[in-house]
Amino acid sequence: MVELSLNALRVVYLPGSHPEASRVADYRKAYEMWCQVWTQFFRDLPEARDLFADQFTRQEEIAALFHGEQCIGMSFFRWVDFNLVDQTRDSYFKLWGKADLESLLREGSMICVPSFLTVSPDFRRDRCNFDVRRLVLGLVTKRFEASTGDAMPVVTRNAKGVNEAFYSMGAPPIRKDVVNFHAEDLVDLVVTYRSTIKYPVDEPFRGVLERTWDSRTFAAQERPHLFRKAREFKAA
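The structure displayed is predicted, hence computed values, not measured ones. (Residues numbered from 1 in each chain as written. Predicted model: local features only at pLDDT ≥ 70, side-chain atom pairs only at ≥ 80, totals over all residues. Heavy atoms only, no water.)

## Remarks on the environment of S120
Then, in step 1: Looking at the element boundaries, S120 is found in the loop between β4 (110–119) and α4 (132–146).
Then, in step 2: Relative accessible area serves as the criterion here: at 5%, S120 is assigned to the buried category.
Then, in step 3: Considering only alpha carbons, one finds S120 and M33, 87 residues apart in sequence, at a separation of 6.8 Å. (Helix = DSSP H or I, 4+ residues; strand = E, 2+ residues; numbered from the N terminus. Buried < 20%, exposed > 50% of the residue type's maximum accessible area, 1.4 Å probe, protein only.)

## With respect to the nonpolar core
Then, in step 1: Core analysis: the biggest nonpolar cluster contains 39 residues, and L4, Y13, L65, V132, L135, L139 and F166 have the highest contact counts within it.
Then, in step 2: Of the residues forming this core, the biggest block, eight residues, is contributed by α4.
Then, in step 3: If we skip the residues at most four places from it in the chain, L65 touches L9, R10, V11, Q70, C71, I72, G73, V132, L135, V136, L139 and T212.
Then, in step 4: Counting 21 residues, the second largest nonpolar core, distinct from the first, contains V12, M33, C71 and F116. (Core = buried A, V, L, I, M, F, W, Y, C linked by side-chain atoms within 4.5 Å. Contact = heavy atoms within 4.5 Å.)

## Topic: the environment of L6
Then, in step 1: Relative to the assigned elements, L6 resides in the segment before β1 (9–14).
Then, in step 2: Those residues within four positions of L6 in sequence are excluded, and the remaining contacts are F130, V208 and R211.

## Looking at α4
Then, in step 1: For α4, which comprises 15 residues, the first-to-last C-alpha distance of 21 Å matches the rise-based estimate of 21 Å (1.5 Å per residue) to within 8%.
Then, in step 2: Most of α4 is tucked away: 14 of the 15 residues are buried.
Then, in step 3: Sitting at the amino-terminal end of α4 is D131, which places a side-chain oxygen 3.4 Å from the backbone nitrogen of R133. (Expected span 1.5 Å × (residues − 1). Polar contact = N/O pair within 3.5 Å; in protein donor to acceptor, adjacent residues only side chain to side chain.)

Pasting the structure below:
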């Protein structure tokens, strides 16, 4: 059982490519952990798939959670505006029908898209004294809230309980038990809206979430649509 030192947690928001020199070490550690986890996941699918580096490097932003110098969790982010082009052709929304997308867009057109929610195998619930996955999902919600996004869709892996974790933070289901094209397990289509966010209040989780978020570092490029307020951006 891994004993997590809660004071050693930090979250860094990295660019998908070309990190500043001071963040190259963090960037490489994040990339290596992502490769390790998802290469194995794709190999274990009924029809094995390859993992490509550009699935990492093309992202707008990568949230990397560290325990000391070890990357233990992450999520990718990008933002899409349905008012600009027909985003229904975006591969992320291949499972989303017309009614699902109408629900997604009910509060606005700017959508924060997280993907590749990842926890290092050594820090999963059965091996660690703290729920790192829940912390990653909390930080994902915090990041959405700090951006200009109107809603944040998630395709959850139900067998892993990701749907219930998002529901606990106020995200309503749009459609449940959808057949996933790439795996045998079912998924839920879930959307977090600003108006529905509800952070858990149990301790020590709430305190750890707030402390980790408050100590965040943004090393990604500053772009207006990523931040609701200029003060949200903290230089690396």
